[in-house]
Amino acid sequence: MIKKVDIKVVHEDCWTHHMPYDAYTINLQVYPNKNYLRSRIMINSTDKEAIKLMKDHKSVVKVMNISKLKDGYYVDFLNTYRGSIAGVLYDKEVLILGNKIKGNSELWSFVTHSKNLNELFEELRSQGKIEEIRTEDFNPSFTLDLTDMERKVLMVALSRGYLDYPRRATADEIAKLLNISKVTFLYHLRNAQKKIITYLLKSAY
């Protein structure tokens, strides 16, 4: 059975435990033989102290690039592979879906076979304190699975400018074009929007 796992870990020996702001991993490249991994992250703060804390931490090997953005920093850096949560996950060959740092903790989302979970959790406990674990069956959706009516409603709403801002047509006008009630139009439109948003979020994470 394939499982999707969301886990929260406090990793005191890592720079993540000393990050006072939310941060998001954009990309990870691993080099186990050289004992480092390359991380590209976004820090949700313009406080320079956050960068200093990272650069000075023993787990950070080298900062490659820092770019100041409107609402934070983009940081490209190398940190140690051994002793990292990412290193454990890559060693166990899981499929990593996402990672963020929040409240001095690391939040990881990944996919693996259920038979690997106990051993994996023990490995993670050897690195830090697990505060939360959530598992569920992994059932990826590869199609939007819209009904014919949902597709029709979306196409007309889009072509007539109902989805524009400001709107170029009202719900009553679209419903009249489709020969359905306003309530029926809104029902199918919202169902379609929910399916699309759910699909995109699952694809991203």
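The numbering scheme is per chain: residues are counted from 1 as the chain's sequence reads. The model is predicted, so local features are restricted to residues of pLDDT at least 70 and side-chain atom pairs to those at 80 or more, both for listing and for counting; the totals for chains, interfaces and linings are taken over all residues. Here the side-chain values reflect all heavy atoms present in the structure, with hydrogen atoms and water set aside.

Trainee: I'm lost on the sheet that holds strand β4 (residues 60–68) in this one. Help?
Mentor: Sheet strands associate in pairs through backbone hydrogen bonding, adopting either a parallel or an antiparallel arrangement. Two strands are said to pair when DSSP picks up at least two bridges between them. By the criteria applied, helices consist of DSSP H or I runs no shorter than four residues and strands consist of E runs no shorter than two, each listed in order from the N terminus. Spatially, eight strands are ordered β4-β5-β3-β2-β6-β7-β1-β8 in an open sheet, and the strand pairing comes out antiparallel. Each of the sheet's edge strands pairs with one partner strand only, and the pair in question is β4 and β8 (129–137). The mean inter-strand angle of the sheet, taken between neighbouring strand axes irrespective of direction, is 20°. As defined by bridge partners, strand β1 (residues 2–10) adjoins strand β7 (residues 105–113) across eight bridges and the pair is classed as antiparallel. Residue pairing in the sheet places Lys4 in a bridge with Val111 of β7. Residues count as neighbours in contact if any of their non-hydrogen atoms are within 4.5 Å of one another. Think of each axis as a best-fit line through the C-alpha atoms, taken over the contacting stretch in the case of a helix, with angles from 0 to 180 degrees between the N-to-C directions. On top of the sheet, helix α1 (residues 48–56) reaches β3 (36–43), β4 and β5 (73–80); it is set at about 15° to β5, its chief contact. Contacting β1, β7 and β8, helix α3 (residues 117–125) crosses the sheet at an angle of about 160° to β8.

Trainee: Looking at this structure, how should I read the nonpolar core?
Mentor: Across soluble globular proteins, you tend to see nonpolar side chains buried next to one another. Residues belong to a common nonpolar core when they are buried Ala, Val, Leu, Ile, Met, Phe, Trp, Tyr or Cys residues joined through side-chain atoms within 4.5 Å. With a 1.4 Å probe rolled over the protein chains alone, any residue whose accessible area is under 20% of its type maximum counts as buried; one over 50% counts as exposed, and the rest are partly exposed. In terms of nonpolar packing, the biggest core is built from 18 residues, with Ile7, Leu89, Trp108, Phe110, Leu120 and Leu124 touching the most fellow members. For this core, the secondary structure elements donating two or more residues are β1, α2 (85–91), β7 and α3. Beyond its immediate chain neighbours, meaning those up to four positions away, Leu120 contacts Val88, Leu89, Lys92, Val94, Phe110 and Thr112. Ranked by size, the runner-up nonpolar core spans 15 residues in total, among them Leu154, Ala157, Ala175 and Phe185.

Trainee: In this structure, what is going on with the pattern of salt bridges? I would like to understand it.
Mentor: Where side chains of opposite charge bring their charged atoms close, a pairing between them can arise. Only one rule defines a salt bridge in this text: a Lys or Arg side-chain nitrogen within 4 Å of an Asp or Glu carboxyl oxygen. Per the counting criterion, the structure on display carries 13 salt bridges. The residue Lys195 makes a salt bridge to Glu150 at a minimum N-O spacing of 3.0 Å. Placement of the pair is Lys195 in helix α6 (residues 182–204) and Glu150 in helix α4 (residues 148–159), with a sequence separation of 45 residues. Lys195 gets classed as partly exposed once you look at its relative accessible area, which sits at 27%. One salt bridge connects Asp164 with Arg168, and the closest N-O pair in it is separated by 2.8 Å.

Trainee: How should I be thinking about the packing of aromatic side chains in this particular structure?
Mentor: To describe a pair of aromatic rings, you give the distance between the ring centres and the angle between the ring planes. Ring geometry is summarised as follows: Phe, Tyr and Trp rings, the Trp one being its six-membered ring, pair when their centres sit within 6.5 Å, and such pairs are stacked at plane angles under 30 degrees, edge-to-face over 60 and tilted between the two. Evaluated as defined, the whole model comprises three aromatic pairs. Both rings, one in Trp15 and one in Phe77, keep their centres 5.4 Å apart while their planes meet at 90°; by these two values the pair is edge-to-face. Linking Trp15 in the loop between β1 and β2 (23–31) with Phe77 in strand β5, this pair joins segments that are 62 residues apart in sequence. Phe77 matches Trp15 in its accessibility class, with the two residues each being buried. When the ring of Tyr31 is compared with that of Tyr36, the centres are 5.1 Å apart and the planes differ by 40°; the resulting orientation is tilted. We classify Tyr31 as partly exposed; its relative accessible area is 30%. A cation over a ring is seen here: Arg167 above Tyr162, with NZ or CZ 4.1 Å from the ring centre. To sit over a ring, a charge needs its Lys NZ or Arg CZ within 6 Å of the ring centre and within 35 degrees of the ring normal.

Trainee: I keep staring at the packing of α4 against helix α5 (residues 171–178) and nothing clicks. Help me out?
Mentor: When two helices pack together, their arrangement is captured by the angle between the axes and the distance separating the axes. Between α4 and α5, the least distance of the axes is 10 Å, while the angle of their chain directions is 125°. By the angle between their directions, the pair α4 and α5 is classed as oblique. The way α4 lies across α5 gives a crossing that is right-handed. Between α4, through Lys152, Val153, Val156 and Ala157, and α5, the contact on the second element is made entirely by Ile174, Leu177 and Leu178. Partitioning the contact of α4 with α5 into residue classes produces six nonpolar, no polar and one charged. Roughly parallel here means an angle under 35 degrees, roughly antiparallel means over 145, roughly perpendicular means 65 to 115, and every remaining angle is called oblique. Handedness of a crossing is defined here by the sense of rotation of the near helix relative to the far one, left-handed for an anticlockwise turn of less than a right angle and right-handed for a clockwise turn. Just so you know the grouping, Ala, Val, Leu, Ile, Met, Phe, Trp, Tyr, Cys and Pro go in nonpolar, Asp, Glu, Lys and Arg go in charged, and all remaining residues, Gly too, go in polar.

Trainee: Help me understand the environment of Glu150 in this model?
Mentor: Classification of Glu150 by relative accessible area gives buried; the value is 4%. Between the C-alpha atoms of Glu150 and Gln193, which are 43 residues apart in sequence, the distance is 9.0 Å. Setting aside residues no more than four positions away along its own chain, Glu150 makes contact with Asp145, His188, Asn191, Ala192 and Lys195.

Trainee: What is the right way to look at α1 in this model?
Mentor: Helical geometry: 3.6 residues make up each α-helical turn, so side chains three or four residues apart lie on a common side. Within α1 the residues assigned to the buried category are Ala50, Ile51 and Met54. For α1, the arc enclosing every buried residue in end-on projection is 95°, short of the 170-degree limit, so these residues lie on one face. Set apart from the buried face of α1 by more than 90 degrees, the exposed residues are Lys48 and Asp56. At the N-terminal end of α1, a side-chain oxygen is found 2.9 Å from the backbone nitrogen of Glu49, two or three residues along, and the residue is Asp47. Directions drawn from the helix axis to the C-beta atoms are what define this arc. Under this definition, polar contacts are N or O atom pairs within 3.5 Å; protein pairs additionally need one hydrogen-donor-capable and one acceptor-capable atom, and for neighbouring residues in sequence, both atoms have to be side-chain atoms.

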